[in-house]
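# Descriptive analysis of the structure
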Amino acid sequence: MLRSTTEYFLSSLMNFPLGGMFNSRINLNLREDKGFTYGANSGFVGGKTLGWFEASTDLNKASTAEGIKEIFNEITRYRNEGVTEEEIAFMRNAFTLSDALEFETPTSKARFLRQLLSYDLNKSYRTKQLAIINSIDKATIDKLAKQYLNMDKMQIIVVGDKAEILPQLNALSIPIIELSVESN
């Protein structure tokens, strides 16, 4: 669990090349290279009391197990090999060049103010974020990836046609817990 808004922000920067943008590793692999999905992403979801990392996609039924393997391969490769300098440069540009649009509408301004109030952040928090973006380095990102991308703690949730998907999942040799949702 992420313990602070700064830690959450740092982790979001770490995730950006992995699954936080269109040309992320996960999306390029599953969408562009394999054609398993229209899109795939990953990111951190968090609040004051609960938080987690998730990777998500709508895979083609026939490619479910292979898509899961590829997501895990990308996460493992990123965790073990780390981010590239090119990915860091792209992340910096993406975050700083889009900054002017961040507060373009009244709704976006209100969202930022709500975040400041909800998490009791200093008014200079945005300036602090920009300093982090401009100073974060490969060693910091790689350390965060090793800390938060722990494959042993991840769960896989699959929703779909059991008859077609379960044999694929059994081939992955991972524990499976079946749940059923029934409507009245």
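Okay, so let's go over this structure. In this text, all values refer to a predicted model and were calculated from it rather than measured experimentally.

What follows covers the pairing of strand E1 (residues 40–46). Pairing of E1 with strand E2 (residues 51–57) involves seven bridges; the strand directions are antiparallel. Along E2, the bridge assignment pairs alanine 40 with threonine 57.

The next subject is the pattern of salt bridges. By the definition in use, this model includes eight salt bridges. The salt bridge involving lysine 34 is made with glutamate 70; its shortest N-O contact spans 3.7 Å. A residue pair is termed long-range when its members are at least 10 positions apart, and lysine 34 in the loop between helix H2 (25–33) and E1 and glutamate 70 in helix H3 (residues 64–81) qualify at 36 residues.

On to unusual backbone geometry. Peptide bonds are, in most cases, trans, and in most cases residues other than glycine have a negative phi. The backbone phi angle of serine 173 is positive, close to 55°, even though this residue is not glycine. Among the secondary structure elements, serine 173 is positioned in the segment after helix H8 (162–171).

What follows concerns the packing of aromatic side chains. Within the structure shown, the criterion is met by four aromatic pairs. When the centroid spacing of 5.1 Å and the interplanar angle of 65° are considered together, the rings of phenylalanine 16 and phenylalanine 95 count as edge-to-face. Of this pair, phenylalanine 16 sits in helix H1 (residues 5–19) while phenylalanine 95 sits in helix H4 (residues 85–97), and the two are 79 residues apart along the sequence. Phenylalanine 16 sits in the buried class, given a relative accessible area of 10%. Among the residues examined, phenylalanine 95 registers a relative accessible area of 21% and is labelled partly exposed.

On to the layout of surface pockets, then. One simple way to see leftover space: roll a probe sized like a water molecule over the atoms. When its volume is computed, the second largest pocket comes out at roughly 850 Å³. Around the second largest pocket, the lining is made up of 21 residues, and of these Ile156, Ile157, Val158, Ile176 and Ile177 lie nearest the centre. For the lining of the second largest pocket, the element with the most residues is H8, which contributes four residues. Taken together, the residues that form the lining of the second largest pocket break down as 16 nonpolar, three polar and two charged.

The rules behind each value
- Residues numbered from 1 in each chain as written.
- Predicted model: local features only at pLDDT ≥ 70, side-chain atom pairs only at ≥ 80, totals over all residues.
- Heavy atoms only, no water.
- Pairing = 2+ DSSP bridges.
- Helix = DSSP H or I, 4+ residues; strand = E, 2+ residues; numbered from the N terminus.
- Salt bridge = Lys/Arg side-chain N within 4 Å of Asp/Glu carboxyl O.
- Phe/Tyr/Trp six-rings, centres within 6.5 Å; stacked < 30°, edge-to-face > 60°.
- Buried < 20%, exposed > 50% of the residue type's maximum accessible area, 1.4 Å probe, protein only.
- 1 Å grid on protein atoms, 1.4 Å probe; cavity = no way out; pocket = protein on both sides within 12 Å on 5 of 7 lines; lining within 4 Å.
- Points joined across faces, edges and corners; volume = space filled by probe spheres on them.
- Nonpolar A, V, L, I, M, F, W, Y, C, P; charged D, E, K, R; others polar.

Interpretation note: all reported values are geometric properties and have no functional meaning in isolation.
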